[in-house]
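Descriptive analysis of the structure
Each chain, letter by letter, is given below.
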Amino acid sequence: MRPNHNVVWSRCLEIIKDNIPQTSFKTWFEPIIPKKIENNILTIQVPSLFFYEYLEEQFIDLLGKTLKKVMGDKAKLEYNVVMDTTHVNNKPTTINVPTNNKTDLRNRPVSLPANKERPTIRNPFVIPGIKKLNVDPQLNSAYSFENFVEGACNRLAKSAGSAVADNPGKTAFNPLFIYGNSGLGKTHLGQAIGIEIKKNKPEKTVLYVNANKFETQYSEATRNNNRNDFLNFYQMIDVLIIDDIHELAGKTGTQNIFFHIFNHLHQSGKQLILTSDKAPVELTGLEDRLLSRFKWGLSAELTMPDFDTRVEILKKKIYNDGITMPDDVIFYIANNVVNNIRELEGALVSLLAHATLNKEEITFDTAKSVVDKLVKKERKEISVDYISKKVCEYYGLEMEVLQSRSRKREIVQARQIAMFFSKSLTNSSLATIGAKIGKKDHATVLHACKTINNLIETDRELKHQIKEIETQLKF
Ligand code: ADP
Ligand code: MG
């Protein structure tokens, strides 16, 4: 009997997993659902057209080779793309996409069911003949792609943003809807797309505008009786970036005019980039006809970066500012400021200001006192168990090995380090510490503390490790 699609796909996944970074695997391969095999054609289902395009661009070689390996030389791949057609009917539709027919496919998004339903808008306001518009795009060069650190937290939005920047109005991501909590990079990313487009296609009319400003302009236009000029102006933009679109909640007049602008631009193949603090489905106070349009393209969320990405963001900023800072200071900030990137940068700025004003060097202790004041800390109870856990995490060991009878050098040393920190950071007695770490007696703990103290004097590598563990323990 031939293996079914699930078996075949899981064999493929095993191979793919070994060949690409884990985060890429998670982002791009885990969401794929194998659907069927017929006549040597494996059909897989992907969540969006963007997904399909990205797979084809980045992984087609790997996919091809893997498939041949698992299914033989005649293997073919077909994609089912799930479309968001909620505003047409409630059932997702799929289109079949053969892999070997790339160019043909790139044009398909144009005829997606989602777009068919668009009403034709005859616009009485557009003045024929006005082509060239000189518009200040309102972009801030600091918010470039070069300054935008990529991580799992923003990968989808960033990739879609780059695709849009390369081909404004010509991808399936129109509008590109970027959402996430405050301080996670929506404005930065929206601006980066604008900057990139201006750089490569200076003839394009790009405009960044905040939704509040848009609404103020509109109110003024209404007051001064030149709504038409307002509408004309916006309808001639090639790439419109509206930041914080949620601010239009409850403002029906502005929503109405935006609706017309949106339709006009979208229909003329112009690019829209919208940002919001919530996903389209969660936005309240906005008309359904707008919300349904927001779902035409791609919605991508920004979330809080993980520790490594936070470190990288700090390092980039420090480098751009032309300063240097010890690693333990950077780690301390990254460990403590975890809610948003704006606060992360704020901590850095406060620290610099503090050091400059007091003519002090930036040390771990100054960093600690400045950052602790900024961040309301839930003081973590440092216990022997917590220390054991952190030490094991640091060395990539399972917690149980500390309790085992193993005399392996690295395990003995991890045990000793856990004992050393338990002695210096908790009030537990030597006997208690010994009992909790490997069922040893108090003399063993004492010996461990002495050993580590000696090693710190002589072994630079170990000293460095101890410092890093200490930073992590104290966050
Ligand atoms: P939002 O608009 O979501 O509230 P911003 O775009 O204003 O957030 O970002 C807040 C700050 O964090 C800005 O200074 C921005 O440059 C910085 N920032 C956000 N995301 C990143 C990133 N991925 N890499 C580097 N800096 C970032
Ligand atoms: Mg913003």
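Above this text sits the structure in question.
These lines cover the structure that appears in this document, whether it is placed above or below.

Conventions used here
Residues numbered from 1 in each chain as written. Chains lettered and ligands numbered in written order. Predicted model: local features only at pLDDT ≥ 70, side-chain atom pairs only at ≥ 80, totals over all residues. Heavy atoms only, no water. Helix = DSSP H or I, 4+ residues; strand = E, 2+ residues; numbered from the N terminus. Buried < 20%, exposed > 50% of the residue type's maximum accessible area, 1.4 Å probe, protein only. Contact = heavy atoms within 4.5 Å. Areas by Shrake-Rupley, 256 points an atom, 1.4 Å probe, with all protein chains shown as cover. Arc of directions from axis to C-beta. Phe/Tyr/Trp six-rings, centres within 6.5 Å; stacked < 30°, edge-to-face > 60°. Lys NZ or Arg CZ within 6 Å of the ring centre and 35° of its normal. Near = heavy atom within 4 Å. Polar contact = N/O pair within 3.5 Å; in protein donor to acceptor, adjacent residues only side chain to side chain. Nonpolar A, V, L, I, M, F, W, Y, C, P; charged D, E, K, R; others polar. Domains from an automatic or database assignment. Pairing = 2+ DSSP bridges. Right-handed = clockwise from strand over helix to strand, strands pointing away.

Some thoughts on the overall build of the protein chain
For the protein chain, the helix and strand inventory stands at 21 helices and 9 strands. In the protein chain, which comprises 475 residues, the share counted as buried stands at 47%. Restricting the contact set of the protein chain to residue pairs at least 6 apart, pairs at least 24 apart contribute 72%. Taken as a whole, the protein chain presents about 24,600 Å² of accessible surface, with 49% of it coming from carbon and sulfur.

Here we look at helix α15 (residues 364-374)
Counting along an α-helix, one turn takes 3.6 residues, and residues three or four places apart therefore face a common direction. Inspection of α15 places F364, T366, A367, V370 and V371 among the buried residues, and these make up the whole buried set. One face of α15 carries all of its buried residues, which in axial projection span an arc of 160°. Structural note: α15 exposes D365 and K373 on the side pointing more than 90 degrees away from its buried face. In the core, the buried residues of α15 are packed alongside α13 (327-336), α14 (341-357) and α21 (460-473).

With respect to the packing of aromatic side chains
For any pair of aromatic rings, geometry is given as the distance between the ring centres together with the angle between the planes. Scanning the entire structure with this criterion turns up 18 aromatic pairs. An angle of 55° between the planes, with centres 5.4 Å apart, marks the rings of Y218 and F230 as tilted. Here Y218 is found in helix α8 (residues 211-223), whereas its partner F230 is found in helix α9 (residues 227-235), with 12 residues between them in sequence. The exposure classification of Y218 matches that of F230, with both residues buried. Taken together, the ring pairs connect F177, Y179, F214, Y218, F230, F233, Y234, F258, F262, F294 and W296 into an aromatic cluster. Of note, R289 hangs over the ring of F259, and the distance from its end group to the ring centre comes to 3.8 Å.

Side note on the site of ligand 1
Residues in contact with ligand 1 amount to 17 residues; listed here are only the nearest, G183, T187, H188, R342 and E345. At a separation of 2.6 Å, an oxygen atom of ligand 1 approaches a polar backbone atom of G183. A distance of 3.0 Å is found between an oxygen atom of ligand 1 and a backbone nitrogen or oxygen belonging to G185. Among the secondary structure elements, those contributing two or more residues to the shell around ligand 1 are α7 (186-200) and α14. Tallied by class, the residues present in the shell around ligand 1 amount to 6 nonpolar, 8 polar and 3 charged. Both domains that meet at the shell around ligand 1, namely domain 2 (134-301) and domain 3 (307-374), each give it at least three residues.

Points about unusual backbone geometry
Cis peptide bonds are those with omega within 30 degrees of zero, and the linkage from N174 to P175 qualifies with 5°. Looking at where P175 falls in the secondary structure, it is placed in the loop between α6 (155-166) and β5 (176-179). A positive phi angle, near 50°, is found at K359, a position not held by glycine. By the element assignment, K359 lies in the loop between α14 and α15.

A look at the pairing of strand β8 (residues 271-276)
The two faces of the sheet receive side chains in turn, since in a regular strand these alternate between them. The buried fraction of β8 amounts to 6 of the 6 residues, a majority that puts the element mostly inside the structure. Across the two faces of β8 the burial is the same, with Q271, I273 and T275 and L272, L274 and S276 all buried. With 4 bridges connecting them, β5 and β8 associate as parallel partners. Note that in β8 the partner of F177 across the bridge is L274. Examined bridge by bridge, strand β7 (residues 239-243) and β8 share 4 bridges and lie parallel to one another. Paired with I242 across the bridge in β8 is L274. Regarding the hand of the β-α-β motif, the stretch spanning β7, helix α10 (residues 252-267) and β8 is right-handed.

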